[in-house]
Amino acid sequence: MAELGFIQAINQAIEEEMRRDPSVIVLGEDVRAIGAPLGEFKGLYDKFGADRVIDTPISETAIMGAAIGAAATGLRPIANIMYANFLGVCGDEMVNQLTQMRYMGGGEVKVPVTIMSYSGAGTRHAAQHSRNLYGWLMNITGLKIIAPSTPYDAKGLLKSALRENNPTIFLYHTALIKRGIKSEVPAEEYTIPLGKADIKREGKDVTVVAMALTVHEALAAANTLQEKGISIEVVDPRTLVPLDKETIINSVKKTGRLIVFDEEPKTGSAAAEIAAIVADEAFDYLDAPIKRVCAPDTPVPYSPVLEDFWIPDQKDLIEAVTELV
Amino acid sequence: MAELGFIQAINQAIEEEMRRDPSVIVLGEDVRAIGAPLGEFKGLYDKFGADRVIDTPISETAIMGAAIGAAATGLRPIANIMYANFLGVCGDEMVNQLTQMRYMGGGEVKVPVTIMSYSGAGTRHAAQHSRNLYGWLMNITGLKIIAPSTPYDAKGLLKSALRENNPTIFLYHTALIKRGIKSEVPAEEYTIPLGKADIKREGKDVTVVAMALTVHEALAAANTLQEKGISIEVVDPRTLVPLDKETIINSVKKTGRLIVFDEEPKTGSAAAEIAAIVADEAFDYLDAPIKRVCAPDTPVPYSPVLEDFWIPDQKDLIEAVTELV
Amino acid sequence: MTIGTIDRELALPLKIEKLEDLYRTMLRIRVFEERVLKEFGRGKIPCHAHLYIGQEAIATGACAALRADDYIISNHRGHGHLIAKGGKTDRMMAELFGKKTGYCKGKGGSMHCADVKLGILGANGIVGAGITIAGGAALTAKVKKTGQVCLCFFGDGASNTSRFHEGINFASVLKLPVVYILENNQYAISVPIKYAANITNLADRAAAYGIPGKTIDGNDVLGVYEAVKEAVARARRGEGPSIIEGKTYRWAGHYTSDPQNYVSKETIEQWKTKDPLPRFKGFLMENAVLSEEQIESIHQEIADEIESAVKFADDSPFPAPEETLEDVYA
Amino acid sequence: MTIGTIDRELALPLKIEKLEDLYRTMLRIRVFEERVLKEFGRGKIPCHAHLYIGQEAIATGACAALRADDYIISNHRGHGHLIAKGGKTDRMMAELFGKKTGYCKGKGGSMHCADVKLGILGANGIVGAGITIAGGAALTAKVKKTGQVCLCFFGDGASNTSRFHEGINFASVLKLPVVYILENNQYAISVPIKYAANITNLADRAAAYGIPGKTIDGNDVLGVYEAVKEAVARARRGEGPSIIEGKTYRWAGHYTSDPQNYVSKETIEQWKTKDPLPRFKGFLMENAVLSEEQIESIHQEIADEIESAVKFADDSPFPAPEETLEDVYA
Ligand SMILES: Cc1ncc(C[n+]2csc(CCOP(=O)(O)OP(=O)(O)O)c2C)c(N)n1
Ligand SMILES: Cc1ncc(C[n+]2csc(CCOP(=O)(O)OP(=O)(O)O)c2C)c(N)n1
Ligand SMILES: [Mg+2]
Ligand SMILES: [Mg+2]
């Protein structure tokens, strides 16, 4: 088993899937010479050539539109939209085309596009490069949303995405890359199914649902809380759509308490959806209000002092847990 | 008092505000010759001239971008983006520009843009012309969201929006226009503050939070339910951001039961946010699970048979209420 | 560009059947659309539709230049494109009626008809959106080396949208086999193109991408055929995209309930004198390609076809309500 | 377009102070950017920035053609634009350091600096996004009849984005007073413009909107000044927008940590021979506008200014964490 970071794990996943299936192609800015800003596409141009690793002009609507058209006619494009914040540029492709084409046509076409975007705060990139946009994406019906917290998960989930017959978005968190998070990644091939949560730590007092960055903050908090005698269970859904309700609800049945720990402004967040599901389907098991530990309802600020305040972190979680139990 | 429909009430609101404040202008497709498809801008070109009622090419990014630039330099533009479904075309303006410009610049500029868009299902316009996109809009931090259920509310809220120093979106529901919904609208000037819910019907057994179309379905259901001896309270938040949590929570304190009745796919909906707030802040008053009566997680279909099934309506609400009490 | 005449030279190399087919296709579109207007009026079609009446020569001439396996991307005014590419009028009518037998099983309606087996990748309710999608279909053809070409239909209004620029630049950079058919029917709803763009010939925008652009008479079916044939050949040779702008007019207004108050009566009447159908019929008769009787029989054939399309639509069942839940994911 | 010489005729009508100021501004930008690189290396600036080194002549020449109350819209490579429009280097440096005294109180950083009182409507982290916003500022000027003009800076990469097309078409239709300054520095991150567009001179795209487009040497500050002056005058007369493309190069790569492996050493060296600063300095000295000593003293003045800008930034406090919650709504 090798210790890999996100970039390497992602690069491996893409290379393996491109070898496995000649219909997988890459469309994006800077994928050729520098393998996209952080190197996740590095080497692929040399290995697979100009027809399969395609540098594009700065044209997110063209990238996404072309990915849709290519997918509908038999390819499996990766549409690299550098940052999730840029998804608005091809917002119509997201809302009206990619996710509706199959349905509108009565199910005749498949649209197996995998979008790949950096997401998340913590790298001092300010408001236009730091959003996860989970809630925004969840409200777009028809898109499967992947938000891995470890390189191991990233690789297995991305490989599944590339075999999916439906639109998927794979969000990889820049702060986790910057922190140098690594996983043991086996040499043998593996995939992780979309829609299967992973319990990153077992516990009995409070269920904490966390994704990507907040998983790591939750795990750190868990240690501190353990010392105070509080045991939290960290559930990482790994995909927001489809959402593994069952695992979340089973955990709540056990703990009786839920905190959703989500790095985005609270209003309209993924945390809202998860809270709403539990408030409906596991109401009888709840012993306390459902809490959301989210970012404030503001854009992401630049200054480290402000950004660190903005990001919901272990301190915020510890506070919320302590109040709840 | 005159009986007005939505289009007339909206037209009056705009005209009054344009007279009151010379910095209010209109940017949009077809606003000149036909006053936009349904006539809400009718007559304004003749009254205020080409500098203030501006026909544009089919260019939603240019409309929204220009509205932002104009607002930052002293005008109060109405950006008419015909259907809410078209907001993705200017998705970046929504996510990164309009709503973040002020914050990113440290509070130096004001961006008083009012977006006006048709929204909602029920007119057989199919997937690309029928979404409310409430959840999508709520996840865009910094936007005030108005979704009136009556012409009276529409006029008063739109006038407030046009006096706001912040970005607002005014969503007017095409099915309500088609149904010919009318209100008594006083001759005297009035405004309705953003962030103030209206209890459209008092009741004691279940709180039903409803917006735009679902308000009318809820009121119809209320009559039926009354006959069965069940009394529902219909709370119309009127604006989703800011949201009048207080009125909703007070109602739940009284009834002990909440159904959020929201015409959009359930996942990532405004209903999720409202449910999550109540599951946190009014948990102790809840006697039953929080239910969401929403549309299914699919695009909006065309055929009347299918669209009617898609739209959450009084039957669906009655069923949910009946199960709950 | 000449409006009003038809170049005999162009017709000579064509087989009689091909000429006959061009006429039949234009007529099929015309009669279909007139019937849509009527069925809309009768309440059988629950949402207004954007009619192609007056523009028949463009879709017909353009699609005649294609192989059966080539692709087309259509827009909101799509019935003509679909019919020209071989779309079945019965399944189209059924879709407009919201029936289960329609092209989208009632899910899409007028603006979303697609038939991938015929190469029809779909109409689109968002103006301009098809332009980038076309590049994707062409990319598949390029990557898989199939020799297919994608025709992409859109209007004058769409030529002002973001996707026009990104989509065509992208295709020009990658030398994708797309031919953009810009149907300049003078209006985008109520906004005249002479207001919405500062130039006369929109095909001149091709120069911004270093590709050929040509403005032609969109009501001359042979002229359209010839121009598109050349562009398609170029695309198939791997030399990249072209833009062909056909000047034309939409007689019935923007959609089925548009009184067109913003257009002068004269303008409409003037365009009607350029009706592509009688014009081509005159040509066919003058050149003895078809006799009066043969034309008569084509008219009868089409009338029957559309009549039975309506009957098919009428007789077909609506989908079951629960079908709403199907077809989101593959 | 001539690269390498400076036209004496252009300089003659200008006052000596103006010529001196052009040099001072270019130097201020250069020294500021070199210091940003250093402070980034020292960890004082927490995020990489896009440096303007090599392009100083464009912002300087262009903004010299403006009135104080005119607007500019900048992009991600914005420091030079801001300085040329009068932005204060101390508040800019403080913003880069994330300090409370910065232009955005630490909220925006390099890509979002704005100073509305100086007419600086803001940088932008989204490529192309400023192009449509510029039209709005120009619209205000038109509606309020203020005679103001808006300059809009963007790169070769941005000229391929959706907003280029919609924004410029919109401005051309409404004859808005905007001048688009297209800084063609040959690359968009690692993608050369000769790959990303099929044409050589991007200003030729002006023809798509029926407006003037001009390609000039972007490293000749007087040539830029002259071309922009003409376009600004046209805009002020109400005749609408223009595009001016300056060919140039960004020496420091895309951002502060870019090794530029994708560019040959020769290309970079060749562009360095066209450095706008020594070129203009040579001209000033040859024509006895400034003496060696005068130039020396300008260098000292700028060095001092930037030194104290850094000191200001360093000495300034960080914002309080809770300030995160302010400035969302007015
Ligand atoms: C992005 C977008 N904006 C606006 C509309 C509303 N709309 C529908 S058709 C149309 C006019 C289209 O004009 P054109 O492209 O010339 O095609 P035509 O209708 O003339 O065939 C408009 C504005 C839309 N559907 N999509
Ligand atoms: C919409 C969007 N796509 C991609 C990016 C990432 N990006 C930042 S700068 C840049 C290159 C811009 O090139 P150009 O416009 O030529 O300006 P330059 O950097 O050369 O000054 C890219 C692709 C972005 N910020 N916004
Ligand atoms: Mg048109
Ligand atoms: Mg560049």
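Each value, and the rule that gives it
- Residues numbered from 1 in each chain as written.
- Chains lettered and ligands numbered in written order.
- Predicted model: local features only at pLDDT ≥ 70, side-chain atom pairs only at ≥ 80, totals over all residues.
- Heavy atoms only, no water.
- Helix = DSSP H or I, 4+ residues; strand = E, 2+ residues; numbered from the N terminus.
- Donors = N, O, S within 2.8 Å, 3.2 Å for Na, K, Ca; no water.
- Buried < 20%, exposed > 50% of the residue type's maximum accessible area, 1.4 Å probe, protein only.
- Contact = heavy atoms within 4.5 Å.
- Buried area = accessible area lost by both parts, 1.4 Å probe.
- Salt bridge = Lys/Arg side-chain N within 4 Å of Asp/Glu carboxyl O.
- Polar contact = N/O pair within 3.5 Å; in protein donor to acceptor, adjacent residues only side chain to side chain.
- Expected span 1.5 Å × (residues − 1).
- Nonpolar A, V, L, I, M, F, W, Y, C, P; charged D, E, K, R; others polar.
- Pairing = 2+ DSSP bridges.
- Near = heavy atom within 4 Å.
- Areas by Shrake-Rupley, 256 points an atom, 1.4 Å probe, with all protein chains shown as cover.
- Axes fitted to C-alpha atoms, helices over the stretch in contact; angles between N-to-C directions.
- Core = buried A, V, L, I, M, F, W, Y, C linked by side-chain atoms within 4.5 Å.
- Least-squares fit on C-alpha atoms with pLDDT ≥ 70 in both.
- Phe/Tyr/Trp six-rings, centres within 6.5 Å; stacked < 30°, edge-to-face > 60°.

What about unusual backbone geometry?
Moving on, step 1. A cis amide bond, omega -5°, links Val 241 of chain A with the succeeding residue Pro 242 of chain A.
Moving on, step 2. Residue placement: Pro 242 of chain A occurs in the loop between strand 12 (239–241) and helix 10 (245–255).
Moving on, step 3. In this model, Asp 30 of chain B sits at a positive phi of 65°, which is unusual for a non-glycine residue.
Moving on, step 4. By the secondary structure assignment, Asp 30 of chain B is in the loop between strand 2 (24–28) and helix 2 (44–48).
Moving on, step 5. The phi dihedral of Lys 175 of chain D is positive, around 50°, even though this residue is not glycine.
Moving on, step 6. By the secondary structure assignment, Lys 175 of chain D is in the loop between helix 7 (162–173) and strand 3 (178–184).

Considering the coordination of the magnesium ion (ligand 4)
Residues and elements named next belong to chain D.
Moving on, step 1. The magnesium ion (ligand 4) binds to the protein through Asp 156 (OD), Asn 185 (OD1) and Tyr 187 (O); the donor distances cover 2.0 to 2.1 Å.
Moving on, step 2. For the magnesium ion (ligand 4), the donor residues sit on a single chain with the sequence spacing D-x28-N-x1-Y. Highlighted residues: Asp 156 in the loop between strand 2 (150–155) and helix 7 and Tyr 187 in strand 4 (residues 187–188), separated in sequence by 31 residues.
Moving on, step 3. By relative accessible area, which is 1% here, Asp 156 ends up buried.
Moving on, step 4. In this structure Tyr 187 comes out as buried when scored by relative accessible area, which is 12%.

Side note on the interface of chain A and chain B
Moving on, step 1. On the side of chain B, 49 residues touch chain A, which itself brings 49 residues to the contact.
Moving on, step 2. Roughly 4,200 Å² of surface becomes buried between chain A and chain B when both sides are summed, with 54% attributable to carbon and sulfur atoms.
Moving on, step 3. Our enumeration of links across chain A and chain B arrives at four salt bridges.
Moving on, step 4. Arg 292 of chain A is the partner of Glu 273 of chain B in a salt bridge, and the nearest nitrogen-oxygen pair spans 2.9 Å.
Moving on, step 5. At the boundary of chain A and chain B, one finds 27 residue pairs in polar contact (both at pLDDT 80 or more).
Moving on, step 6. Counting only elements with at least two residues in the side of chain A that touches chain B, the list comes to helix 4 (91–98), helix 5 (101–104), helix 6 (134–138), strand 13 (258–265), helix 11 (270–281) and strand 14 (291–295) of chain A.

Observations concerning helix 2 (residues 16–41) of chain C
Moving on, step 1. Taking 1.5 Å as the rise per residue, helix 2 of chain C with 26 residues should run 38 Å; its terminal C-alpha atoms sit 38 Å apart, in good agreement.
Moving on, step 2. Positive backbone phi, at 80°, marks Gly 43 of chain C, one or two positions downstream of helix 2 of chain C.

Observations concerning the interface of chain B and chain C
Moving on, step 1. At the interface, 32 residues of chain B touch 39 residues of chain C.
Moving on, step 2. One can count zero salt bridges joining chain B with chain C.
Moving on, step 3. Those elements that provide at least two residues to the side of chain B that touches chain C are strand 3 (53–55) and helix 12 (304–310) of chain B.
Moving on, step 4. A per-element tally of the side of chain B that touches chain C places helix 12 of chain B first, with five residues.
Moving on, step 5. Taken together, the residues that form the side of chain B that touches chain C break down as 20 nonpolar, eight polar and four charged.

Describing the pairing of strand 2 of chain B
Residues and elements named next belong to chain B.
Moving on, step 1. Where burial is concerned, most of strand 2 is hidden: five out of the five residues are buried.
Moving on, step 2. Summarising the sheet, strand 2 and strand 4 (residues 76–83) pair through five bridges and their orientation is parallel. When the bridges of strand 4 are listed, Val 26 appears paired with Ile 78.
Moving on, step 3. Here three bridges tie strand 2 to strand 3, and the two strands are oriented parallel to one another. Residue pairing for strand 3: Val 26 is matched across the bridge by Val 53.

Points about the site of ligand 2
Moving on, step 1. In the vicinity of ligand 2 lie 21 residues, with Glu 60 of chain A together with His 76, Arg 77, Gly 157 and Tyr 187 of chain D positioned nearest.
Moving on, step 2. Mapping the residues near ligand 2 onto chains gives chains A and D.
Moving on, step 3. Between ligand 2 and Gly 157 of chain D, the relevant distance is 2.8 Å, taken from an oxygen atom to a main-chain nitrogen or oxygen of the residue.
Moving on, step 4. Here an oxygen atom of ligand 2 and a backbone polar atom of Ala 158 of chain D are 3.0 Å apart.
Moving on, step 5. Expressed as a share of its isolated accessible area of 580 Å², the protein-covered part of ligand 2 is 97%.

Things to note about helix 7 (residues 162–173) of chain C
Residue and element names in this part refer to chain C.
Moving on, step 1. Between the first and last C-alpha of helix 7 there are 17 Å, a value that for twelve residues agrees with the 16 Å anticipated at 1.5 Å per step.
Moving on, step 2. Buried residues dominate helix 7, accounting for twelve of its twelve residues.
Moving on, step 3. For helix 7, the set of buried residues is Ser 162, Arg 163, Phe 164, His 165, Glu 166, Gly 167, Ile 168, Asn 169, Phe 170, Ala 171, Ser 172 and Val 173.
Moving on, step 4. Two residues or fewer after helix 7 comes Lys 175, characterised by a positive phi angle close to 50°.

With respect to the coordination of the magnesium ion (ligand 3)
Moving on, step 1. All of the protein donors around the magnesium ion (ligand 3) are Asp 156 of chain C (OD), Asn 185 of chain C (OD1) and Tyr 187 of chain C (O); their distances to the metal are 2.0 to 2.1 Å.
Moving on, step 2. In terms of primary sequence, the donors binding the magnesium ion (ligand 3) are separated according to D-x28-N-x1-Y.

A few points about the sheet that holds strand 6 (residues 213–217) of chain C
Residues and elements named next belong to chain C.
Moving on, step 1. Strands sit in the order 1-2-3-7-6 across an open sheet of five strands; the sheet is parallel. Edge positions in the sheet fall to strand 1 (71–73) and strand 6, since each has one partner strand and no second. Between one strand and the next, the sheet's axes are offset by a mean angle of 20°, whatever the strand orientation.
Moving on, step 2. Sheet topology note: the strand 2 (residues 150–155)/strand 3 (residues 178–184) ladder contains six bridges and is parallel. If you follow Phe 154 over to strand 3, its bridge partner there is Leu 182.
Moving on, step 3. The strands touched by helix 3 (residues 56–63) within the sheet are strand 1, strand 2, strand 3 and strand 7 (242–247), with strand 2 carrying the most contacts at an inclination of about 170°.

Quick notes on the pattern of salt bridges
Moving on, step 1. One pass over the structure, following the stated rule, counts 102 salt bridges over all chains.
Moving on, step 2. Residues Lys 159 of chain B and Glu 189 of chain B are paired through a salt bridge, measuring 2.6 Å at the closest nitrogen-oxygen approach. Residue Lys 159 of chain B is found in helix 7 (residues 151–163), and its partner Glu 189 of chain B is found in the loop between strand 8 (182–185) and strand 9 (198–201); the two are separated by 30 residues along the sequence.
Moving on, step 3. The residue Lys 107 of chain C makes a salt bridge to Asp 327 of chain C at a minimum N-O spacing of 2.9 Å. With a gap of 220 residues between them, Lys 107 of chain C in the loop between helix 5 (89–96) and helix 6 (129–143) and Asp 327 of chain C in the segment after helix 12 (292–315) connect regions that are remote in the sequence.
Moving on, step 4. Its relative accessible area of 12% is what places Asp 327 of chain C among the buried residues.
Moving on, step 5. A network of salt bridges, in which partner residues are shared, links Glu 16, Glu 17, Arg 20, Lys 155, Lys 159, Arg 163 and Glu 189 of chain A.

Describing the nonpolar core
Moving on, step 1. Leu 137 of chain A together with Leu 137 of chain B are the most contacted members of the largest nonpolar core, which has 298 residues in total.
Moving on, step 2. Sequence-distant contacts of Leu 137 of chain B, that is, excluding residues within four places in its chain, are made with Leu 87, Met 94, Asn 132, Leu 143, Ile 145, Ile 169 and Leu 171 of chain B.

Examining the environment of Ala 68 of chain D
Moving on, step 1. Topologically, Ala 68 of chain D is positioned in the loop between helix 3 (56–64) and strand 1 (71–73).
Moving on, step 2. When sequence neighbours within four positions are dropped, the list of residues in contact with Ala 68 of chain D reads Lys 85 and Leu 118 of chain D.

Considerations on the relation of the copies chain A and chain B
Moving on, step 1. Of the transformation placing chain A onto chain B, the axial shift is 0.0 Å and the rotation is 180°, giving an RMSD of 0.0 Å. Overall, the copies show the geometry of a two-fold rotation axis.
Moving on, step 2. Most of the interface of chain A is mirrored in chain B: 100% of its interface residues are interface residues there too.

Structural notes on the site of ligand 1
Moving on, step 1. Around ligand 1, the structure places 20 residues, and the nearest of them are Glu 60 of chain B together with His 76, Arg 77, Gly 157 and Tyr 187 of chain C.
Moving on, step 2. Around ligand 1, the neighbouring residues derive from chains B and C rather than from a single chain.
Moving on, step 3. Here a nitrogen atom of ligand 1 sits 2.6 Å away from a polar atom, N or O, in the side chain of Glu 60 of chain B.
Moving on, step 4. At a separation of 2.6 Å, an oxygen atom of ligand 1 approaches a polar side-chain atom of Arg 77 of chain C.
Moving on, step 5. Relative to its unbound accessible area of 580 Å², ligand 1 is 97% covered by the protein chains.
Moving on, step 6. Taken together, the residues that form the shell around ligand 1 break down as ten nonpolar, six polar and four charged.

Let's talk about the packing of aromatic side chains
All names here are of chain C.
Moving on, step 1. Enumeration over the complete set of coordinates arrives at 26 aromatic pairs over all chains.
Moving on, step 2. With 5.9 Å between their ring centres and 15° between their planes, Tyr 249 and Trp 271 make a pair best called stacked. In this pair, Tyr 249 is assigned in the loop between strand 7 and helix 10 (265–272) and Trp 271 in helix 10, connecting sequence segments 22 residues apart.
Moving on, step 3. We classify Tyr 249 as buried; its relative accessible area is 1%.

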